[in-house]
Amino acid sequence: MIPLLLVLLLALILFGAGFAVKALWWIALVVLVVWLLGFVVRPGTGAGRGRWYRW
């Protein structure tokens, strides 16, 4: 019974890690798109270095 529980626990941990990694890839993709848009989108008034974000 204990080996079965260990296998089920391992499968649950691996599934959770896989989901977390997939979610992190989507978040990284969104951040990349926002970062690339920062090079295209310019503010209407001349403020700072011409970027709409401060970093």
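Residues numbered from 1 in each chain as written. Predicted model: local features only at pLDDT ≥ 70, side-chain atom pairs only at ≥ 80, totals over all residues. Heavy atoms only, no water.

**Regarding the overall build of the protein chain**
What counts, and what does not: Per the convention used, a helix needs a DSSP run of H or I reaching at least four residues, while a strand needs a run of E reaching at least two, with both numbered from the N terminus. Only protein chains enter the accessibility calculation, which uses a 1.4 Å probe; a residue is then buried when its area is under 20% of its type maximum, exposed when over 50%, and partly exposed in between. Per-residue and other accessible areas follow the Shrake-Rupley method at a 1.4 Å probe size, with only the shown protein chains counted as cover for residues.
Within the protein chain, the regular secondary structure consists of one helix and zero strands. Looking at the protein chain as a whole, 5% of its 55 residues are labelled buried. In the structure as shown, the protein chain presents an accessible area of about 5,300 Å², 80% of it carried by carbon and sulfur atoms.

**A short note on a nonpolar patch on the surface**
Under the convention used in this document: Every patch collects residues that have over 30% relative accessible area and no salt bridge, joining them within 9 Å if they carry like charges and within 5 Å if they are nonpolar side chains (Val, Leu, Ile, Met, Phe, Trp, Tyr). Here, a salt bridge means any side-chain nitrogen of Lys or Arg that lies within 4 Å of a carboxyl oxygen of Asp or Glu.
Taken together, Trp26, Leu29, Leu32, Val33, Trp35, Leu36, Leu37, Phe39, Val40 and Val41 make up a surface patch of nonpolar side chains, about 930 Å² in accessible area. Relative to the elements of secondary structure, Trp35 occurs in helix 1 (residues 2–40).

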